[in-house]
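The chain contents come next:
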Amino acid sequence: MSPTSPASRTGPRNEPLTRRLTTAQALVAFLARQYTERDGRRHRLISATWGIFGHGNVAGIGQALVEAGNGSRKRNGDHSVTRTGPRMPYLQGRNEQAMVHAAVGYARQSGRLSAHAVTTSIGPGATNLVTGAALATINHLPVLLLPGDTFATRPADPVLQQLEVPSAGDVSVNDCLRPVSRYFDRVTRPEALIPAALQAMRVLADPAETGAVTLALPQDVQAEAYDWPEEFFAERVWRVRRPAPDTAELEAAVRAVRSARRPLIVAGGGVRHSAAEETLAAFTAATRIPVASTQAGKGALRHDHPADVGGIGHTGTATADELARTADLVIGVGTRYTDFTTASGTLLENPAVRFLNLNITGFDAHKLAALPLVADARTGLEALTSALAGRGYRIDPAYETEYTGAKEAWEEQVEASFTTPDPTARPTQTQVLGLLDTLVTEEDILINAAGSLPGDLHKLWRTRSRDQYHVEYGYSCMGYEIPAAIGVLLATEAQGREGRPVWALVGDGTYLMNPTEIVTAVQENLPLRLLILQNHGYASIGGLSEAVGGERFGTAYRHRDPDGGFTGPPLPVDLAANAASLGMRVLRATTVDDLRKALAEARSAEGPTCVYVETETPDTVSGPPPAQAWWDVPVAETASRPAAVTAREEYDRRVAARRHHL
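(A) Focus on the environment of glutamate 442. Examined against the element boundaries, glutamate 442 turns out to sit in the loop between α16 (429–439) and β21 (445–448). Among the residues examined, glutamate 442 registers a relative accessible area of 45% and is labelled partly exposed. For the pair formed by glutamate 442 and proline 158, sequence separation is 284 residues and the distance between their alpha carbons is 55 Å. Discounting residues that sit within four places of it in the chain, glutamate 442 has contacts with Arg302, Arg464, Ser465, Gln468 and Arg500.

Next comes the structure, spelled out in structure tokens:
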């Protein structure tokens, strides 16, 4: 038997002690035996590996995946999916950044209990991971990155695609991944994989630490054989903790809630990650405290729950933002308090406001000089509900009447934005959302990340289930939507719920950033519903540019005019034809009536289907309600153009209201 062939060495009683494998083969075999467990349910920790192969990983991880077997996937006549079981299924991507986005979508839909790995070659393949890694880490979502690296043994120096750093011989482009990874290691010897792999799994499965994890793999080490201890391949279960709150912190939290007259809950992504939605509903049933939501927390309560007052912050509802301005206690549950949530420190303006933060990380629990309640969101809410139960706390009925009445008034504005009185007209963006709103059920999932859509969705969308609203706004990364939808579809399939309609909502700017994974959806015959809204430019940044004195410069997709600007006719770009050329079935809609029919047809389609519509600008017809709170984007302090001078005056007025909560 050749020294590089899989084999076992045995001890005196013919018991296997070691297995001879390459480093890459050992890693794949190890990953196939890792599991998470929470609340008594077990999940495969790394359920598949995405990959694009080059010289830095084709003979290592690529060959190991061949050894592991690829299995098969068959869609049955009843729309179910049958997969045979390889030790490590392989998924073929087209862009390295997009592969990470798909893995992140999968992890989020899987409740962070199951994740994907992503392997790339060295050089551009590896550096293309950086944006996806940042997105995963910022959103606290697990993904395992396995970039190839330059030779550990340095037989030739430099090799193809190697970055040379004259002052440091041990630096490669993979070091770009260090600041955006929750754990990073470079495996320069086969035996070094053992502690590195164990640490990687620990971080991926830890709800307080999880994010992108990078194991950089030199291409020679990937292919090097080693006698691995059999214990390395034993099945391991990583239990996902639900830490309970400290007794003293809990008692302080109870005192804070009982003394509050106008409390407000801010529900963040931690509610969803902890599967704490029912517990939050029970807490509000007992106390009647209203619940506002961040982008990541939207859906913590259904839109029609009496205590739900909608999104908070710059893209929030008038109801939630007015409550925030007068709140005397803000109870943050699983939120990071980004500037969009706090309106850059201007929203929570009550001089008496104090904060109570329930969060699994001490870092976030202490923000805004809060009383910390460091615990799992569900465990912490259960403890808080129980502790308050015997003390008779409930908000003043007048406060409840106030916010429920304000919510009804806001719903009238939502309905007005969604209304499409003329079925022959071209729809606005909010009217597109209104038509989709009439069509979906609690089974549908909407995915979005950047542009003007997140703001409209946060303000207006009527979320019907805990996982319907999937807007990535921690990094707000253009190009996330299509690959993330693929990840979500794979996750729903793994959950046995493959019939759920999954919609990727993108504008033309986002589409042009990253349409390549359409090919993957076609290859896997995944029923992706892609909704492209064509408005010939960057609508969100165009509006922001106008507000801060930038005069919409460089935000329209138009021909140059004689003066060098971009005010000519719209570019003759046909995104529908592009999507069709990548293999999608495309439905074009021109009017409101066309769109209504196209959306219904797409929702019932079995394969990947695109709906394409050109939207009317809100300058000519009614648009969404304006922003209900400020966002700090600094304006030029000196300028000669009137637009910037006026914008700076408004900026100085707004920034004067900002405060530090100490």
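The structure having been displayed, the exposition proceeds.
(B) Here's a closer look at the packing of α16 against helix α23 (residues 592–603). Look at α16 against α23: their axes get within 10 Å of each other, and the N-to-C directions meet at 45°. One finds that α16 runs oblique with respect to α23. The crossing of α16 and α23 is right-handed. Counted together, Val432, Leu435, Leu436 and Leu439 of α16 and Val592, Leu595, Arg596, Leu599, Ala600 and Arg603 of α23 form the full contact between these two elements.

(C) View of unusual backbone geometry. Here the residue pair aspartate 157 and proline 158 is connected by a cis peptide bond, since its omega of 10° sits within 30 degrees of zero. For proline 158, the location among the structural elements is in the loop between β10 (143–149) and β11 (183–186). A positive phi is found at histidine 140, a non-glycine position, where the angle reads about 55°. Its place among the elements puts histidine 140 in the loop between α5 (130–138) and β10. What makes histidine 140 partly exposed here is its relative accessible area of 22%. We note that glutamine 161 has phi near 75°; this positive angle belongs to a residue other than glycine. Counting through the fold element by element, glutamine 161 comes out in the loop between β10 and β11. Judged by relative accessible area, which is 35%, glutamine 161 ranks as partly exposed.

(D) Broad picture of the sheet that holds strand β3 (residues 34–38). Judged by pairing direction, the sheet is mixed, and its three strands sit side by side in the order β4-β3-β14 without closing on themselves. Whereas interior strands pair on both sides, the edge strands pair on one side only; in this sheet they are β4 (41–44) and β14 (236–239). Each strand axis lies, on average, 35° off the axis of its neighbour in the sheet, ignoring direction. Bridge count between β3 and β4: four bridges; the pairing is antiparallel. The residue of β4 that forms the bridge with threonine 36 is histidine 43. Strand contacts of helix α6 (residues 193–205): β3 and β14, with the helix running at about 35° to β14, the strand carrying the most contacts.

About the cut-offs
- Residues numbered from 1 in each chain as written.
- Predicted model: local features only at pLDDT ≥ 70, side-chain atom pairs only at ≥ 80, totals over all residues.
- Heavy atoms only, no water.
- Helix = DSSP H or I, 4+ residues; strand = E, 2+ residues; numbered from the N terminus.
- Buried < 20%, exposed > 50% of the residue type's maximum accessible area, 1.4 Å probe, protein only.
- Contact = heavy atoms within 4.5 Å.
- Axes fitted to C-alpha atoms, helices over the stretch in contact; angles between N-to-C directions.
- Parallel < 35°, antiparallel > 145°, perpendicular 65-115°, else oblique.
- Left-handed = near helix turned anticlockwise from the far one by under 90°.
- Pairing = 2+ DSSP bridges.

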